[in-house]
Amino acid sequence: VQLQASGGGLMQVGGSLRLSCAASGQTFRRYAMGWFRQAPGKEREFVAAISWSGGSTDYADSVKGRFTVSRDNAKNTVYLQMNSLKPEDTAVYYCATIFVIWSDDRAKIRGYDYWGQGTQVTVSS
């Protein structure tokens, strides 16, 4: 599976962006997907996860209520809709195929497989 993230850019505080992660290969729909981000000088952190069917989703507390993850298996694409953007959302955003256990509607990520190349999101105040 090859992943291509896109949709990043420069946005003002309070604005919205939608990131896309397009996957090649027929096995995409078998994978749960995750979005992660890495800000300068910080470690990569979890942002959102979605099950292979799209029926389960989970979010980091810092983005809950503002970001929405979704997927279209017919288009081999997963999305991250980001609303009410804050300066602290500035980071490079990555998508990845993940191995996850769902428990009490929370995603417990157990591993990663394929990563996209990342797309820069910059939120200016």
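Right above here is the structure, for reference.
Here the structure is a predicted model, which means the values were calculated and not measured.

> How should the nonpolar core be read in this particular structure?
Generally speaking, a soluble globular protein has its nonpolar side chains buried in company with each other. Counting 28 residues, the largest nonpolar core has Trp35, Leu80, Met82 and Tyr93 as the members making the most contacts within it. For this core, the secondary-structure elements that each account for two or more residues are strand E1 (3-6), strand E3 (17-23), strand E4 (32-38), strand E5 (45-50), strand E7 (67-72), strand E8 (77-82), strand E9 (91-103) and strand E11 (119-124). In terms of residue count, E3 provides more of this core than any other element does, 4 residues in total. Residues within four places of Met82 in sequence aside, it is in contact with Gly15, Ser16, Leu17, Leu19, Arg66, Phe67, Tyr93 and Val121. With 6 residues, the next largest nonpolar core counts Ala32, Phe36, Ile98 and Ala107 among its residues.

> When you look at the state of the cysteines in this model, what are you seeing that I'm missing?
By definition, a disulfide is the covalent link that joins the sulfur atoms of two cysteine residues. What the rule picks out here adds up to 1 disulfide. Note that Cys21 is cross-linked by a disulfide to Cys95, the S-S spacing being 2.0 Å. Between Cys21 and Cys95, the disulfide has an S-S torsion of 70 degrees and is therefore right-handed. Taken together, the residues Cys21 in strand E3 and Cys95 in strand E9 connect sequence positions 74 residues apart.

> What am I meant to see in the side chain of Arg71 here?
Take Arg71: it is sitting in strand E7. The buried charged residue Arg71 lacks any salt bridge partner; its closest oppositely charged side chain belongs to Asp72, at an N-O distance of 8.3 Å. Looking at Arg71, its side chain comes within polar contact range of the main-chain oxygen of Tyr31, at 2.7 Å.

> Before we go on, may I ask you to explain the packing of aromatic side chains in this structure?
Each aromatic ring pair is characterised by the separation of its centres together with the angle its planes make. Summed over all chains, the structure comprises 6 aromatic pairs. Arranged with centres 6.1 Å apart and planes meeting at 90 degrees, the rings of Tyr31 and Tyr114 form a pair that is edge-to-face. Remark: Tyr114 occurs in strand E10 (residues 106-115) and Tyr31 occurs in the loop between E3 and E4; sequence separation between them is 83 residues. Aromatic pair Phe36 and Tyr112: ring centres 5.5 Å apart, planes at 70 degrees, arrangement edge-to-face. Here Tyr112 lies in strand E10 and Phe36 lies in strand E4, a separation of 76 residues in the sequence.

> Sorry, what's going on with the pattern of salt bridges here?
A side chain of one charge can pair with a side chain of the opposite charge when the charged atoms of the two come close. Counting across every chain of the model gives 5 salt bridges. Across the pair Asp89 and Arg66 runs a salt bridge whose closest N-O atoms are separated by 2.7 Å. On the criterion of sequence distance, the pair formed by Asp89 in the loop between E8 and E9 and Arg66 in the loop between strand E6 (57-59) and E7 is long-range, its members being 23 residues apart. A single burial state applies to Asp89 and to Arg66, both of which are buried. Shared partners join several salt bridges into a network, and the residues in it are Arg37, Glu45, Arg66 and Asp89.

Reading the values: the criteria
Once a new chain begins, its residue numbering starts again from 1 and follows that chain's sequence as written. In keeping with the model being predicted, local features are shown solely for residues with a pLDDT of at least 70 and side-chain atom pairs are shown and tallied solely at 80 or more, while totals for entire chains, interfaces and linings include all residues. Side-chain numbers here rest on the full set of heavy atoms in the structure, without hydrogens or water. Among the buried residues, those of types Ala, Val, Leu, Ile, Met, Phe, Trp, Tyr and Cys that are joined through side-chain atoms within 4.5 Å form a nonpolar core. Summary of the burial criterion: residues with accessible area below 20% of their type's maximum are buried, those above 50% are exposed, and those between are partly exposed, where the area comes from a 1.4 Å probe applied to protein chains only. Secondary structure elements are taken from DSSP: a helix is a run of H or I of four residues or more, a strand is a run of E of two residues or more, and numbering for both begins at the N terminus. Whether two residues are in contact is decided by their heavy atoms, any of which lying within 4.5 Å being enough. Sulfur atoms of two cysteines make up a disulfide when they are within 2.5 Å. Residues scored as positive are Lys and Arg, those scored as negative are Asp and Glu, and His as well as the terminal groups of each chain are ignored. Only one rule defines a salt bridge in this text: a Lys or Arg side-chain nitrogen within 4 Å of an Asp or Glu carboxyl oxygen. Throughout this description, a polar contact denotes any pair of N or O atoms lying within 3.5 Å of each other; where both atoms belong to protein, one of them has to be capable of donating a hydrogen while the other can accept it, and for residues adjacent in sequence the pair is counted only when both atoms sit in side chains. Between 30 and 60 degrees the pair is tilted, below 30 it is stacked and above 60 it is edge-to-face, where a pair is any two Phe, Tyr or Trp rings, Trp via its six-membered ring, whose centres lie within 6.5 Å.

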